[in-house]
Amino acid sequence: MKIKGDSDQPLIQESMEVPIRKKSKISGSSATGWLFASPWVIGLILFYAFPLFSSIYFSFTTYSILSPGEFVGLGNYRQLMSDGLFWKSIYNTIYFAIFFVPLSIIIGVALAMMLNMRVKGMAVYRTIFFLPTLVPHVALAVLWMWLLNPGFGLVNGALDAIGITGPNWLGSVTWSKPSLILMSLWAIGQPVIIYLAGLGDIPQELYEAADVDGASWLQKIFTVTLPLLTPVIFFNLVMGAIGAFQQFTLPYTMTQGQGTPDNSLTFYVMYLYDNAFKYFKMGYASAMAWILFIVIMLLTAVIFLSSKRWVHYQGK
Amino acid sequence: MNNSIFHKSMVGFCLAIVLVLAACSSDEESGGDAGGENTVQFWHSMTDTSGEAVEYVIEVFEEENPDINIEATYVANQGEGQNEKLLTAIAGGNPPDVAYFDRFEVAAWAAQGSLEPLTEMAEEDGISQDNYYDFAWEEVSYEGDLYGIPTTTDSRLLFYNKDHFEEVGLDPENPPTTIEELEEAAEKLTIKEGNRFERIGFIPWFGQGWFYGWGWSFGGDFYDVETGEVTADDPKNVEALEWITEFGQKYGVEDIAGFTDSQGSGAMDPFVSGQISMKIDGNFGVAALEKFAPDLNYGVTPIPTPTGDNFKTWSGGWSVVIPKGANNQEGAWEFLKFFGSEEGQRIFSETSRDFSVIESVNQSLGYDEDPIFSEFINILPDSNSRPVMTEGSLYWNALADAVEASTRGNGTPKENLEEVTQQVTEALGE
């Protein structure tokens, strides 16, 4: 189920450490290097690579955690193709990703630019926008359920005050996903920090040169800031897309795993989880996990290929 | 650094790993017998009054069996659809000796071979179906074998607020018995302003208004044990769902959702705050009313049916099971036996206010004389249990989905129930 994040770090560390040691020392000590890396390597193989690859096998069986099950070939995959809820969960997940990822980039960059201005007390503002990221997902879910409550929620209360009757956010099939996108955007601190770092990297000379050329504020954003921020946007796009496809904790806690109303909040990984741990269909769930993996791989590949056209690295 | 040093360090490292692994495995072994010869590890999810009740049961059991020591561990939500911890413990070969378990899931787990069969031990000790309500016993049996000892049960009825009835000119001593009367009463009791309910008469799916109850009340059925046929799309069930859908459309499904989303449980239950006049709830709802609204003037009555007779309800409840591979099965069985005995049942039921699975215990605790509880007790002998099958969870979720989809106009009731039948039948066929 976990395809992103945690795995990247050990991979990077390992591949960096080993060649460096190889270069600087004689051959016997490369083994010493391996020795020091062995906790990582063993852990990686035992607890990551082994389960990962065995899940390929399990996806061809009716494995149920408690019993090994039978080999059914492509049976699970074929069955998925005719599973209505499977397609619905894909629709929900893509809907979420299509709206959430671009919005998080636009809002994230805009926020980062504002937080990059030279104003007194900026550290305080930056902290304020980062704070929501520290709220655990479960607490976040409960908090927003109150805010979006149609009866006494703050959001509808505020809308009422300006004469708009707010929708029944989380109880309506139409509004449940937009509500979730809104909630997710609230905890945008992490990418903002990365954008801020990217903004700090843009050389001041370029702005000075633009000033000399008489560029307006808007022109500077579109010709200097944004192009030079594209490597960071690229990174956040990849990570954001992967994260969006793995949406789980928020909707799962909010709906007690039910995906209500009318399965409009049943996301792909939620359905995968139910199959694995509630219906004793770990084989079926493994098949789902591999489909998700392939989809994410393809998507990432597409983003990578397209990046040559729109990502500009400094000094190139 | 030369080779010999490397070899030494490698050997040392390997030794260390072996030691660590050895330590792990010996830990595991001793974990089972820790704290003396006869410890029974018991995982349960009970808090509050039932938590106290189970402590009493354990206390008395340990007094009577001084050589057995019960080590109770609270595991959040175990049995309420979140059994991941127990599942992995069994798969990992290190389960507790006894687990408190929702009877509803016993068949599915038994079919996976994850529970120890108790048939022989029960026969030896003369424990049989005669001791318990039929439905409770059936729920812990799977393909002729016994897999658990039932401990509690419940039933579902219509709760109605007598003061509200009087206020709108309905007879509080004559609650609705037919669906038609229920609809009329609901209409009179509802006060709606714009899309907000000041008060709503009734919501079919609120509280314990699950579809199983409605299907049975309309005369439908869900599963034929003999033939293994799934009958979610029984014409009577379709009628029931059509009625629910019409009801939802009449009052506005989203407006109702807006209402229910604004409510809580416990002290914030809309029945407590007088925002809903009638609801379907179980006997466990009575305890909350006693606690949060002791002066509430309410009554309970069987769930109305189209004809006004043949009242139906359904019962769930809990059991104690021995997970596959438990270390101390003999000690575990002693505890199961005690929990399910008249003595254990009386201790538990008296404190927790949950109904016992033994009729005589319920009588001796006076439940059949209490004006409210007696209604629940009287209907128990005719109660249904949810279908005893390996895909019980799937069936439950699929029915809940069908109700949601139909009330929201996503497919007709007939189509949605046909889909449930097909889905569950396919899953059973695997």
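Residues numbered from 1 in each chain as written. Chains lettered and ligands numbered in written order. Predicted model: local features only at pLDDT ≥ 70, side-chain atom pairs only at ≥ 80, totals over all residues.

Q: Help me understand the overall build of chain A in this model?
A: Across its full length, chain A carries 14 helices and zero strands. The N-to-C order of helical and strand elements in chain A reads α-α-α-α-α-α-α-α-α-α-α-α-α-α. Seen along its three principal axes, the alpha-carbon backbone of chain A occupies a region of about 70 × 70 × 35 Å. Taking all 316 residues of chain A together, 29% fall into the buried category. Counting only contacts in chain A whose residues sit at least 6 apart along the sequence, the fraction spanning at least 24 positions is 68%. (Helix = DSSP H or I, 4+ residues; strand = E, 2+ residues; numbered from the N terminus. Buried ≥ 20, exposed ≤ 12 C-beta atoms within 10 Å, placed from the backbone. Contact = placed C-beta atoms within 7 Å.)

Q: Is there a simple way to think about the overall build of chain B in this case?
A: Along its length, chain B carries 18 helices and 18 strands. The principal-axis extent of the C-alpha atoms belonging to chain B is close to 95 × 55 × 45 Å. When burial is assessed residue by residue, chain B has 48% of its 430 residues classed as buried. Put simply, 74% of the contacts in chain B that link residues at least 6 apart link residues at least 24 apart.

Q: Looking at this model, I keep getting lost on helix α11 (residues 217-245) of chain A. Mind explaining?
A: Note on helix geometry: an α-helix contains 3.6 residues per turn, so any two residues three or four positions apart are oriented the same way. Over its 29 residues, α11(A) runs only 36 Å from end to end, short of the ideal 42 Å by more than 12%, given 1.5 Å per residue. Largest kink in α11(A): about 50°, centred on T230(A), with the proline P231(A) one to four residues after it. (Expected span 1.5 Å × (residues − 1). Bend = angle between axes of the 7 residues up to and from the residue.)

Q: Mind showing me how you'd approach the domain arrangement of chain A here?
A: A common way to report how large an interface is uses the accessible area buried once the components associate. When the domains of chain A are assigned, the result is domain 1 (5-58) and domain 2 (82-310). One C-alpha centre belongs to domain 1 of chain A, the other to domain 2 of chain A; they are set 32 Å apart. (Domains from an automatic or database assignment.)

Q: Whenever I open this one, unusual backbone geometry confuses me. Can you help?
A: Backbone phi values are negative for most residues with the exception of glycine, while trans is the configuration of most peptide bonds. P261(A) follows T260(A) through a cis peptide bond whose omega is -5°. With a phi angle near 50°, E143(B) is a residue other than glycine that sits in the positive phi range.

Q: What's the story with the sheet that holds strand β1 (residues 39-44) of chain B in this structure? I'm lost.
A: Residues and elements named next belong to chain B. The five strands are arranged β2-β1-β3-β16-β6 in an open sheet whose pairing can be described as mixed. At either end of the open sheet lies a strand with only one pairing partner, and these are β2 (69-74) and β6 (149-150). Bridge count for β1 against β2 is six bridges, and the pairing is parallel. In the strand pairing of β2, T39 is matched with N69. Against the sheet, helix α2 (residues 48-64) makes contact with β1 and β2, and its axis sits at roughly 165° relative to β2, the strand it touches most. (Pairing = 2+ DSSP bridges. Axes fitted to C-alpha atoms, helices over the stretch in contact; angles between N-to-C directions.)

Q: Where do I start with the environment of I358(B) in this structure?
A: All names here are of chain B. Tracing the sequence through the fold places I358 in the loop between β17 (355-356) and α15 (359-364). Remark: the alpha-carbon pair of I358 and E342, spanning 16 residues in sequence, is separated by 7.2 Å. Among residues more than four places away in sequence, those in contact with I358 are N131, Y132, E342 and Q345.

Q: Hey, could you run me through the domain arrangement of chain B in this one?
A: Residue and element names in this part refer to chain B. In terms of domain boundaries, chain B breaks down into domain 1 (31-154 + 316-385) and domain 2 (156-312 + 391-429). Distance between the C-alpha centres of domain 1 and domain 2: 29 Å. Contact residues are listed per partner, giving 15 residues for domain 1 and 14 residues for domain 2. When residues in the side of domain 1 that touches domain 2 are grouped by element, the largest group, four residues, is from helix α16 (residues 373-379). Of the residues assigned to the side of domain 1 that touches domain 2, the class counts are eight nonpolar, two polar and five charged. (Nonpolar A, V, L, I, M, F, W, Y, C, P; charged D, E, K, R; others polar.)

Q: Explain the packing of helix α10 (residues 235-251) of chain B against helix α18 (residues 413-429) of chain B here, please?
A: Two measures define how a pair of helices packs: the angle their axes make with one another and the distance between the axes. Residue and element names in this part refer to chain B. At a closest axis distance of 9 Å, the pairing of α10 and α18 adopts a crossing angle of 130°. On the basis of their axis angle, the class for α10 and α18 is oblique. Viewed along their axes, α10 and α18 form a crossing whose handedness is right-handed. On the side of α10, the interface is formed by N237, V238, L241, E242 and T245, while α18 contributes P413, K414 and L417. Grouping the constituent residues of the contact of α10 with α18 by class yields four nonpolar, two polar and two charged. (Parallel < 35°, antiparallel > 145°, perpendicular 65-115°, else oblique. Left-handed = near helix turned anticlockwise from the far one by under 90°.)

Q: Sorry if this is basic, but what is going on with the interface of chain B and chain A here?
A: Chain B puts 29 residues into the contact, and the matching count from chain A is 27 residues. Elements that contribute at least two residues to the side of chain B that touches chain A include exactly α1 (3-33), α3 (84-91), α11 (253-261) and α17 (392-407) of chain B. For the side of chain B that touches chain A, the per-class residue count stands at eleven nonpolar, eleven polar and seven charged.

Q: Please clarify how the environment of E64(B) should be interpreted in this entry.
A: Residues and elements named next belong to chain B. Along the chain, E64 falls in helix α2. For E64, a count of 12 C-beta atoms within 10 Å translates into the label exposed. It is 63 Å that separates the C-alpha atoms of E64 and G194, two residues lying 130 residues apart in sequence.

Q: Would you explain the pairing of strand β13 (residues 276-282) of chain B in this entry?
A: On a regular strand, each side chain points to the face opposite its neighbour's, so the side chains alternate between the two faces of the sheet. Residue and element names in this part refer to chain B. For β13, a buried count of seven out of seven residues is recorded, marking the element as mostly surrounded by other parts of the structure. Where strand β8 (residues 156-161) and β13 come together, five bridges link them in antiparallel fashion. Note on β13: the bridge partner recorded for R156 is G282. For strand β10 (residues 196-202) and β13, the ladder comprises two bridges, and the chain directions are parallel.

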